[in-house]
Amino acid sequence: FRSAVVGHDLRNPVNVVLMTAEMLERRTDDPETRKAILRLKSSGRRMVQIIDELFDLTRARLSGGIPIERAPADALSIARTAVAEFEATNPKRVIKLVHEGDTRGEWDAVRVAQVLSNLIGNALRHGMPDHPVVVSLCGMETDIVISIHNGGYIPKAILPTLFEPFQSGPG
């Protein structure tokens, strides 16, 4: 319940940031300024998604699930957006995106973006800094396999709680 309250309280400041970025974008033609504004808008939209995730977490705990809305989407496009956001905020890290096969399908693009963002963020945070993070998409006949590699490893003791909210291991 607390996460929903926090999410609600964060919405207004984030919306102010996004509206200010829109106003600045309309007032400049400078390419470098526009590039910075696009990063600001992208990060602001990501903040809105994180707030939505807080609401989802509350919904999942109180009502037993998160709504999934399937629609035609391209996982490669979703992955490119996620990778670009992390490249902008982690310029010293190497993030490679590789793909093969057809990456189009029908799924919830917002949920896929959430998963990719969480996995890429964790790979950057917990992986070896001198190793690239490699995001791989492999489209097969009926499925897409997405994998993230970072030159690190997950200790076996952490595996039972790996996907619990707000859990983290040492290092």
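Everything discussed here concerns the structure shown above.
I will try to describe carefully the structure that is included in this document. (Residues numbered from 1 in each chain as written. Predicted model: local features only at pLDDT ≥ 70, side-chain atom pairs only at ≥ 80, totals over all residues. Heavy atoms only, no water.)

### Side note on helix α3 (residues 75–89)
Consideration 1: With 15 residues, α3 extends 21 Å from end C-alpha to end C-alpha; this agrees with the ideal 21 Å at 1.5 Å per step.
Consideration 2: Contacts made by the buried residues of α3 are with β1 (71–74), β2 (95–100), β3 (104–107), α4 (109–126), β4 (133–139) and β5 (144–149).
Consideration 3: The opening residue of α3 is Asp-74, an N-cap whose side-chain oxygen sits 3.0 Å from the backbone nitrogen of Leu-76. (Helix = DSSP H or I, 4+ residues; strand = E, 2+ residues; numbered from the N terminus. Expected span 1.5 Å × (residues − 1). Contact = heavy atoms within 4.5 Å. Polar contact = N/O pair within 3.5 Å; in protein donor to acceptor, adjacent residues only side chain to side chain.)

### Notes on α4
Consideration 1: The end-to-end C-alpha distance of α4, which contains 18 residues, comes to 25 Å, matching closely the 26 Å that a straight helix rising 1.5 Å per residue would cover.
Consideration 2: What α4 keeps buried is the set Arg-111, Val-112, Ala-113, Gln-114, Leu-116, Ser-117, Ile-120, Gly-121, Ala-123 and Leu-124.
Consideration 3: Sitting at the amino-terminal end of α4 is Asp-108, which places a side-chain oxygen 3.1 Å from the backbone nitrogen of Val-110. (Buried < 20%, exposed > 50% of the residue type's maximum accessible area, 1.4 Å probe, protein only.)

### Overview of the pattern of salt bridges
Consideration 1: This model, assessed by the stated rule, comprises 5 salt bridges.
Consideration 2: Put simply, Arg-104 and Asp-102 hold a salt bridge, and the shortest N to O gap is 2.9 Å.
Consideration 3: Take Arg-104: its relative accessible area is 60%, and that puts it in the exposed class.
Consideration 4: Look at Asp-102 and you get partly exposed, because its relative accessible area is 39%.
Consideration 5: Among the charged side chains, a network of salt bridges with common partners joins Glu-22, Glu-25, Arg-34 and Lys-41. (Salt bridge = Lys/Arg side-chain N within 4 Å of Asp/Glu carboxyl O.)

### Regarding the nonpolar core
Consideration 1: Core analysis: the largest hydrophobic core is formed by 18 residues, its most contacted members being Ile-78, Ile-95, Leu-116, Ile-120 and Val-135.
Consideration 2: Elements with a minimum of two residues in this core: α3, α4 and β4.
Consideration 3: In contact with Leu-116, other than residues within four places in its own chain, are Ile-78, Ala-79, Ala-82, Val-135, Ile-146 and Ile-148. (Core = buried A, V, L, I, M, F, W, Y, C linked by side-chain atoms within 4.5 Å.)

### Observations regarding the sheet that holds β5
Consideration 1: Read from one edge of the open sheet, 3 strands run β2-β4-β5, paired in mixed fashion. Sheet topology places β2 and β5 at the edges, where each strand pairs with a single neighbour. Averaged over all adjacent pairs, the angle separating strand axes in this sheet is 10 degrees, with direction ignored.
Consideration 2: Bridge count between β2 and β4: 6 bridges; the pairing is parallel. Of the residues in β4, the one forming a bridge with Val-98 is Ser-136.
Consideration 3: α4 rests against β2, β4 and β5 of the sheet, and its axis sits at about 25 degrees to β5. (Pairing = 2+ DSSP bridges. Axes fitted to C-alpha atoms, helices over the stretch in contact; angles between N-to-C directions.)

Without other data, these values stay purely geometric and don't point to any function.
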